[in-house]
Amino acid sequence: QEQLVQSGGGLVQPGGSLQLSCTAPKSFFVLGTMAWYRQAPGKQREFIASLIGMTNSKYADSVAGRFTISRDNAKNTLLLQMNDLTPEDTAVYYCNALIERPGKTSNYWGLGTQVTVSA
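Here the structure is a predicted model, which means the values were calculated and not measured.

**Student:** For this particular structure, what's the right way to read the confidence of the model for the protein chain?
**Tutor:** Model confidence for the protein chain is summarised by a mean pLDDT of 95, while 100% of its residues fall at 70 or above. Predicted confidence in the protein chain is weakest over helix α1 (residues 26-31), with a mean pLDDT of 84, and strongest over strand β11 (residues 113-117), with 98.

Written out as structure tokens, the structure reads:
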């Protein structure tokens, strides 16, 4: 079934770390761009990081140097390692897959997971 299943998140103190996971069909990692977005209360959803293949990654300026996007091929899982978290990182985080097939582009979203950074 073509869906994204997220796990991870929770409450962490400022300066702490969390890892988010997103399990997807294996074909998604071959056909498309995998990414993470987040949405804070009262704000629009914003791009965090993307990954094409194994190593072609991009990051938003707000998280570059602190967050790392990667994939675990054995588990068909997209990962987001978040370090040095601040209260400004508090948001619902969403996994995204943009899948390109001949004649059709499909956009998939996970259900989201809450990340709260607070003392």
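**Student:** So what exactly am I meant to see when it comes to the nonpolar core here?
**Tutor:** Taken as a class, soluble globular proteins show a tendency for nonpolar side chains to be buried jointly. One finds Leu 4, Met 34, Trp 36, Leu 78, Leu 80 and Met 82 to be the most contacted residues of the largest nonpolar core, which totals 30 residues. Sort the elements by how many residues they give to this core and strand β9 (residues 91-101) lands first, with 5 residues. Apart from residues lying up to four places away in sequence, Leu 80 is in contact with Leu 18, Gln 19, Leu 20, Trp 36, Ile 48, Ala 49, Phe 67, Thr 68, Ile 69 and Tyr 93.

**Student:** Whenever I open this one, the side chain of Gln 6 confuses me. Can you help?
**Tutor:** Counting through the fold element by element, Gln 6 comes out in strand β1 (residues 5-8). With a relative accessible area of 17%, Gln 6 lands in the buried category. Polar side-chain contacts of Gln 6 include one of 3.1 Å to the backbone nitrogen of Gly 112.

Cut-offs applied
Residues numbered from 1 in each chain as written. Predicted model: local features only at pLDDT ≥ 70, side-chain atom pairs only at ≥ 80, totals over all residues. Heavy atoms only, no water. pLDDT = per-residue confidence, 0-100. Helix = DSSP H or I, 4+ residues; strand = E, 2+ residues; numbered from the N terminus. Core = buried A, V, L, I, M, F, W, Y, C linked by side-chain atoms within 4.5 Å. Buried < 20%, exposed > 50% of the residue type's maximum accessible area, 1.4 Å probe, protein only. Contact = heavy atoms within 4.5 Å. Polar contact = N/O pair within 3.5 Å; in protein donor to acceptor, adjacent residues only side chain to side chain.

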